[in-house]
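So the chains spell out like this:
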Amino acid sequence: MTQTDAPIETPPRAPTPKHQFGTLAVHAGSPHDPVTGAVIEAISLSTTFAQTTVGQPVGAYEYTRSSNPNRDNFETSIAALEHARYALAFSSGSATTANILQSLAAGSHVISVSDVYGGTHRYFTKVAAAHGVTVTFTPSLNLHTSLTELIRPTTTLVWIESPSNPTLSLVDIRAVSSEAHKHGINVVVDNTFCSPYVQTPLDLGADIVVHSVTKYINGHSDVLMGVAALNSPVLYEQLSFLQNAIGAVPSAFDCWLAHRGVKTLHLRARAASENALRIATLLSESPHVLAVNYPGLASHPQRSIAIKQHRDGLGGGMLSFRIRGGSEGAARFCAATQIFTLAESLGGVESLVEVPASMTHGGIPREAREAAGVWDDLVRVSCGIEDAVDLEADVRQALEVAVNGHNGVKNGA
Ligand SMILES: Cc1ncc(COP(=O)(O)O)c(C=O)c1O
């Protein structure tokens, strides 16, 4: 991506899909096998594909790093769900970020929201810098005038995470995109926390949407994968070249698993969001809790943005909260839950808890971390799709153990 003085290309958008989300999730990229009639695609493990004469492959494929049937089908599915013309799958969410940053010319400048995923922060500060790309972090992308102040002649990209990880702050994607586009700058949105069921950033003007597929899209905590979805043929050309040239691609088996996972995304994302609202409400009423970050609550400072850009104003399945008792209180809470497992990651069918300051975001220097609201007492919660009453009871007892000091013995669910 290189910056010019001209406004950036406005590529044609993907045609409006004929079907609703659930129908697309089940059917997009899922052709029946033309030979056997199999309703579920076969896993195509072959790394190489026969050619009849030199340069004449039998079908559409030559070598699995360049493309394979399972990756194609998965990419077709995600493109449909994100209302994109193209999707490109990678071996992880982090590899997706790396490929996008690799596409920037040396000397480029990126503006990013401050509270990005810790690994994204690590890539921006430790890896991108090594090939001459600098990143300015800002907590204030919501005031789109602040964007104008940060723009340099070399700025080529704005990086948004909305909701952000782990503080669940939101960015008005449409406002930022229209401001960025006036300066010829592309906008990337990490949509991992929402999934395309809750939010479709390309519809709001973003140029590229990225996901850690590892989370909601796969949804079963058994695949590491990433994906980028976009409309611009120029960006697609650049990124698909790098997808093959760098080779950080997912296996056919992982594509097959993630494709199977995404077929129930609409059911899982809605159930997780309903559970998260119940848990956020309980936490916000608890004397043991200092603050709750959840965009589904009326008290969230950017609730109006959630109403504008999330499906049905849903808050998603993720929330975080500050517990009384500092880092020890947070650690005691996470050790005391019996249904919520203490573990990194998110977006699976099972509920998880973690302490970002010492786990997922531990690599970010304390000052930068706290400036972004990631305090030692912050607990991040990924609500799964278990029954809400059980999750509520578990949170209630863990709060008592954490703050009132009763001994909690972790027995498993
Ligand atoms: C918001 C967000 N983006 C990107 C990533 C990186 O994804 P992966 O772990 O698949 O490399 C994560 C991982 O937790 C994440 O939470």
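Residues numbered from 1 in each chain as written. Predicted model: local features only at pLDDT ≥ 70, side-chain atom pairs only at ≥ 80, totals over all residues. Heavy atoms only, no water.

Under an unreviewed UniProt entry, the name given to the protein is cystathionine gamma-lyase, and the organism recorded is Pseudovirgaria hyperparasitica. You can read under Pathway (unreviewed entry) in the UniProt record for the protein the words "Amino-acid biosynthesis; L-cysteine biosynthesis; L-cysteine from L-homocysteine and L-serine: step 2/2." The Sequence similarities (unreviewed entry) field of the UniProt record for the protein holds the comment "Belongs to the trans-sulfuration enzymes family." (UniProt positions renumbered as here; feature names shortened; annotations may be inferred.)

This paragraph deals with the site of the ligand. Around the ligand there are 14 residues in total, and S94, D190, S212, T214 and K215 lie nearest to it. Between the ligand and the protein, one listed contact pairs an oxygen atom with a side-chain N or O atom of S94 at 2.7 Å. For the shell around the ligand, the class distribution of residues is four nonpolar, seven polar and three charged. (Near = heavy atom within 4 Å. Polar contact = N/O pair within 3.5 Å; in protein donor to acceptor, adjacent residues only side chain to side chain. Nonpolar A, V, L, I, M, F, W, Y, C, P; charged D, E, K, R; others polar.)

To continue, consider the environment of G405. With respect to the helices and strands, the residue G405 is situated in the segment after α14 (388–404). Classification of G405 by relative accessible area gives partly exposed; the value is 49%. Taking C-alpha positions, G405 is 10.0 Å from F333, a pair spaced 72 residues apart along the chain. (Helix = DSSP H or I, 4+ residues; strand = E, 2+ residues; numbered from the N terminus. Buried < 20%, exposed > 50% of the residue type's maximum accessible area, 1.4 Å probe, protein only.)

Quick look at the sheet that holds strand β13 (residues 352–354) now. Remark on secondary structure: sheet strands pair via backbone hydrogen bonds, oriented parallel or antiparallel. The strand order β10-β11-β14-β13-β12 describes an open sheet built from five strands, whose pairing is mixed. Among the strands making up the open sheet, the edge pair consists of β10 (289–293) and β12 (341–342). Here helix α12 (residues 326–336) sits on the sheet and contacts β11 (318–323), β12, β13 and β14 (378–382); the angle it forms with β11, its principal contact strand, is near 130 degrees. (Pairing = 2+ DSSP bridges. Contact = heavy atoms within 4.5 Å. Axes fitted to C-alpha atoms, helices over the stretch in contact; angles between N-to-C directions.)

Here the focus is the packing of helix α3 (residues 93–102) against helix α4 (residues 118–127). Where α3 contacts α4, the axes come no closer than 10 Å and their chain directions differ by 30 degrees. The orientation of α3 with respect to α4, classified from their angle, is roughly parallel. Between α3 and α4 the crossing geometry is right-handed. Every residue of α4 that contacts α3 at T97, A98, L101 and Q102 is listed here: T120, Y123 and F124. For the contact of α3 with α4, the residue count by class is four nonpolar, three polar and no charged. (Parallel < 35°, antiparallel > 145°, perpendicular 65-115°, else oblique. Left-handed = near helix turned anticlockwise from the far one by under 90°.)

For the rest of this paragraph, the subject is the packing of α12 against α14. At a minimum axis separation of 8 Å, α12 and α14 run at an interaxial angle of 135 degrees. By the angle class used here, α12 and α14 are oblique. In this structure, α12 meets α14 at a crossing whose hand is right-handed. Across from G329, R332, F333 and A336 in α12, the residues of α14 making contact are D394, V395, Q397, A398, L399, V401 and A402. For the contact of α12 with α14, a count of residues per class yields seven nonpolar, two polar and two charged.

Taken from the UniProt record, the annotation "modified residue: N6-(pyridoxal phosphate)lysine" (unreviewed entry) applies to K215. As for its placement among the helices and strands, K215 is situated in the loop between β8 (208–212) and β9 (226–230).

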